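# Close look at the chain arrangement
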Amino acid sequence: MEQNEIVKTAAQKLADRKERLKNLHKLRQIARTHNHQEVVAEDARKKLPNNWEARKRQADWIIADEKAKEEAKAEGKDYDRLKLLQISAIDAERIERKQRKKNPDGGFATFEAQTARQYARLVKSMPTRDMQKYEKQKQDLGEAFYGGPNTVLHGLVKDSPDAINNMVKDLEQQIEKRKKYSRRRTYNDDADVDFINERNSKFNKKLERFYGEHTAEIKQNLERGTAI
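Residues numbered from 1 in each chain as written. Predicted model: local features only at pLDDT ≥ 70, side-chain atom pairs only at ≥ 80, totals over all residues. Heavy atoms only, no water.

### Considering the overall build of the protein chain
Heads up, the condition is: Put simply, DSSP marks the helices as runs of H or I at least four residues long and the strands as runs of E at least two long, and each gets a number from the N terminus on. Working definition: with a 1.4 Å probe on protein chains only, accessible area under 20% of the residue-type maximum means buried, over 50% means exposed, and in between means partly exposed. Any pair of residues with heavy atoms lying within 4.5 Å of one another is described as a contacting pair. Here the accessible surface of atoms and residues is derived via Shrake-Rupley with a 1.4 Å probe, and residues count as covered only by protein chains that are part of the display.
Counting its secondary structure elements, the protein chain contains eight helices and zero strands. Put simply, the protein chain runs from its N terminus to its C terminus through helices and strands in the order α-α-α-α-α-α-α-α. Taking all 228 residues of the protein chain together, 5% fall into the buried category. Across the protein chain, contacts joining residues at least 24 apart in sequence account for 26% of those joining residues at least 6 apart. Put simply, the protein chain shows about 22200 Å² of open surface, and 54% of that area lies on carbon and sulfur atoms.

Pasting the structure below:
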């Protein structure tokens, strides 16, 4: 009787060991599968562009923003107002400063710079060259095509109606734009005036650029009158 119990106990121990070995084998297979998946995922991440994470965050933000906009519209709420309520004054100022920096169109310093800007704008808006028309015009004009010092082009070239309409449209756009910029603005009208002349203004901007982050609290205390 005792010998049978001993043999049975040994058989149970052997079965338990086999079961543990089987479980370990399963765990090893699972770990091997997970490891292979991680290797594949890491290799896929290496093949992605360098700015993939930033682009993904931007796409997620756009999706969440559109979803919130639709929810606000369904509830009859002003989404822009709700969005502004969730932005702190510091973040709002940072966003506004970034937008001003993105489009710092404060006019032009010289007429040469203005002419260069206008030339670049006109070249950018030019249509694609029609090479067949180009070659035909070269053959028709001959040496006058290159416009030498003694060449008179008056009467040789006839402008098309589309070209005339484009010129009129461009002139009208220039007139409308000049109405908005009657004079050059050297500073933001809404900004605090903390300078006495142009040179002092540039110096203050340099100080703000290098030390503004570290002196913001001191400046606020001085404005409130709570500085020690």
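The rest of the description comes next.
### Considering the pattern of salt bridges
Pairing of side chains with opposite charge becomes possible as their charged atoms draw close. Put simply, the rule is: Here, a salt bridge means any side-chain nitrogen of Lys or Arg that lies within 4 Å of a carboxyl oxygen of Asp or Glu.
For the coordinates displayed, the defined rule picks out five salt bridges. Measuring nitrogen to oxygen at the nearest pair gives 3.4 Å for the salt bridge that ties Asp60 to Lys56. On the criterion of helical spacing, the pair formed by Asp60 and Lys56 is a turn pair, its members being four residues apart in helix H2 (residues 52-74). Look at Lys56 and you get partly exposed, because its relative accessible area is 41%. Taking the shortest distance from any N to any O, the salt bridge between Asp170 and Arg121 comes out at 3.0 Å. Of this pair, Asp170 sits in helix H7 (residues 161-180) while Arg121 sits in helix H5 (residues 111-124), placing them 49 residues apart in sequence. Relative accessible area serves as the criterion here: at 34%, Arg121 is assigned to the partly exposed category.

### A look at a positive patch on the surface
Quick note on the threshold: Patch membership is restricted to residues that have no salt bridge and whose relative accessible area is over 30%. Joining uses 9 Å for like charges and 5 Å for the nonpolar side chains Val, Leu, Ile, Met, Phe, Trp and Tyr. This count recognises Lys and Arg as positive and Asp and Glu as negative, with His and chain-terminal groups excluded. To locate a charge, the coordinates of NZ of Lys, CZ of Arg, CG of Asp or CD of Glu are taken.
Together, Lys202, Lys205, Lys206 and Arg209 make up a positively charged patch on the protein surface. Position of Lys206 among the secondary structure elements: in helix H8 (residues 198-224).

### Considerations on the side chain of Asp65
By the secondary structure assignment, Asp65 is in helix H2. In this structure Asp65 touches Tyr79 and Lys83, once residues within four positions along its chain are discounted.

### A few points about a nonpolar patch on the surface
Together, Ile164, Met167, Val168 and Leu171 make up a nonpolar patch on the protein surface, roughly 330 Å² of accessible area in all. In this fold, Ile164 is placed in helix H7.

### Description of the side chain of Gln174
Summarising the element assignment, Gln174 is placed in helix H7. Each residue touching Gln174, except ones within four places of it in the same chain, is listed here: Gln118 and Arg121.

### Notes on H8
Basically, it comes down to this: Expected helix span is taken as 1.5 Å per residue step, with the number of steps being one fewer than the number of residues. Note on bend: at a given residue it equals the angle between the axes fitted to the 7 residues ending there and to the 7 starting there. Counting of polar contacts relies on pairs of N or O atoms within 3.5 Å, with two restrictions inside protein: one atom must be capable of donating a hydrogen and the other of accepting it, and residues adjacent in sequence are counted only when both atoms are side-chain atoms.
Here H8 is 27 residues long, yet its end C-alpha atoms lie only 27 Å apart, well below the 39 Å a rise of 1.5 Å per residue gives. The largest bend along H8 measures about 90 degrees and falls at Gly212. Listed as buried for H8 are Ser201, Asn204, Gly212 and Asn221. The distance from a side-chain oxygen at the start of H8 to the backbone nitrogen of Arg199 is 3.3 Å, and the residue carrying that oxygen is Asn197. Two residues or fewer after H8 comes Gly225, characterised by a positive phi angle close to 80 degrees.

### Details of the environment of Phe195
Note that Phe195 resides in the loop between H7 and H8. Separated by ten residues in sequence, Phe195 and Lys205 have C-alpha atoms that sit 9.9 Å apart.

### Describing a negative patch on the surface
Together, Asp192, Asp194, Glu208 and Glu223 give the surface a local cluster of negative charge. Mapped onto the secondary structure, Glu208 falls in helix H8.

Remember that the coordinates give geometry; whether it matters functionally is a separate question.
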